[in-house]
Amino acid sequence: MILEFRGIDHRYRSKESEIHALSGIDLKVSEGEFLCIVGSSGCGKTSLLHMAAGLLQPESGEVLFRGKTITGPGRDRAVVFQESTLMPWLNVEENILLAMDSSQKNDQKEAVANALETVGLRGFDHAMPHELSGGMKQKVSIARSLVMNSPILLMDEPFSSLDEQTRARLNREMITIWEKSQKTVIFITHSIREALTLGSRVVLLSVRPGKVIGDWDLSREKPSVDSIPFNTLAQKIRGSMGLCCPPKEHTT
């Protein structure tokens, strides 16, 4: 087991309000899984990912990475955010090198070349961010995470701002990247189609406060995109997501 959420409960508080974001989350992630966590906006998906990254501590419960409680960020957990977060004054190679530590100095050029090959950007080493499309920028962000040699890749809706055609293409390419890298991937999305296209496993969170209300293992028999089983499962998940409306936020 590479990652485990135990009894996660979390609230966001301010002087004016309290938002119960997550409730009673128990979730185990196995080595090599491509886990997609899907749910409506505001159900706590990103909060879970930030906890796994060590960017957020749960109010109660704990998140464990290979049996040890996560207390902060670490190089053993790479993150790809919704935006590419590239430094505009650095070229592609220089942006990727930012993720490498001193122990990798002797292999930097080879590591960058291998990462760019994996994400399909061979030959773009010296391109500047403003010369890249949105999809290419996200590929650079993925390449940067790959050179960290982290066993797990945490992805927070990385393709949500892209057009539908680009997003579909990157979904296909992401499966190839996963197969080549053999990393564990946790991928956050509100798109059922994207979750079923990418995931070897799909977990559904309820509306706020987020709870696990569905868990489908697709590793043995993954339905082909737009097949009858694919559309049937998509409809089932869609129905579960629409069972109720988000509760009103409590004021203090």
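The coordinates are above.
What counts and how
Residues numbered from 1 in each chain as written. Predicted model: local features only at pLDDT ≥ 70, side-chain atom pairs only at ≥ 80, totals over all residues. Heavy atoms only, no water. Axes fitted to C-alpha atoms, helices over the stretch in contact; angles between N-to-C directions. Helix = DSSP H or I, 4+ residues; strand = E, 2+ residues; numbered from the N terminus. Parallel < 35°, antiparallel > 145°, perpendicular 65-115°, else oblique. Left-handed = near helix turned anticlockwise from the far one by under 90°. Contact = heavy atoms within 4.5 Å. Buried < 20%, exposed > 50% of the residue type's maximum accessible area, 1.4 Å probe, protein only. 1 Å grid on protein atoms, 1.4 Å probe; cavity = no way out; pocket = protein on both sides within 12 Å on 5 of 7 lines; lining within 4 Å. Points joined across faces, edges and corners; volume = space filled by probe spheres on them. Nonpolar A, V, L, I, M, F, W, Y, C, P; charged D, E, K, R; others polar.

What about the packing of helix α4 (residues 134-146) against helix α5 (residues 164-181)?
Thought 1: In contact at an axis separation of 11 Å, α4 and α5 are set at 15° when each is read in the N-to-C sense. In terms of orientation, α4 lies roughly parallel with respect to α5. Note on packing geometry: the crossing formed by α4 with α5 is right-handed. Along its contact with α4, which presents Gly135, Lys139, Ile142 and Leu146, the element α5 presents Thr166, Leu170, Glu173, Met174, Ile177 and Ser181.

Things to note about the environment of Arg66
Thought 1: Structurally, the position occupied by Arg66 is in the loop between β4 (60-65) and β5 (68-69).
Thought 2: A relative accessible area of 46% means that Arg66 is categorised as partly exposed.
Thought 3: Taking C-alpha positions, Arg66 is 13 Å from Gly32, a pair spaced 34 residues apart along the chain.
Thought 4: Apart from the residues lying within four places of it in its own chain, the contact partners of Arg66 are Met1, Ile2, Glu31 and Pro151.

Quick look at the layout of surface pockets
Thought 1: Estimated volume of the largest pocket: approximately 330 Å³.
Thought 2: Looking at the largest pocket, it is lined by 18 residues, and the ones nearest its centre are Arg77, Ala78, Val79, Phe81 and Met148.
Thought 3: For the lining of the largest pocket, the secondary-structure elements that each account for two or more residues are β6 (77-80) and α4.
Thought 4: Looking at the lining of the largest pocket, the element that brings in the most residues is β6, giving four residues.
Thought 5: Taken together, the residues of the lining of the largest pocket break down into nine nonpolar, five polar and four charged.
Thought 6: Approximately 240 Å³ is the volume attributed to the second largest pocket.

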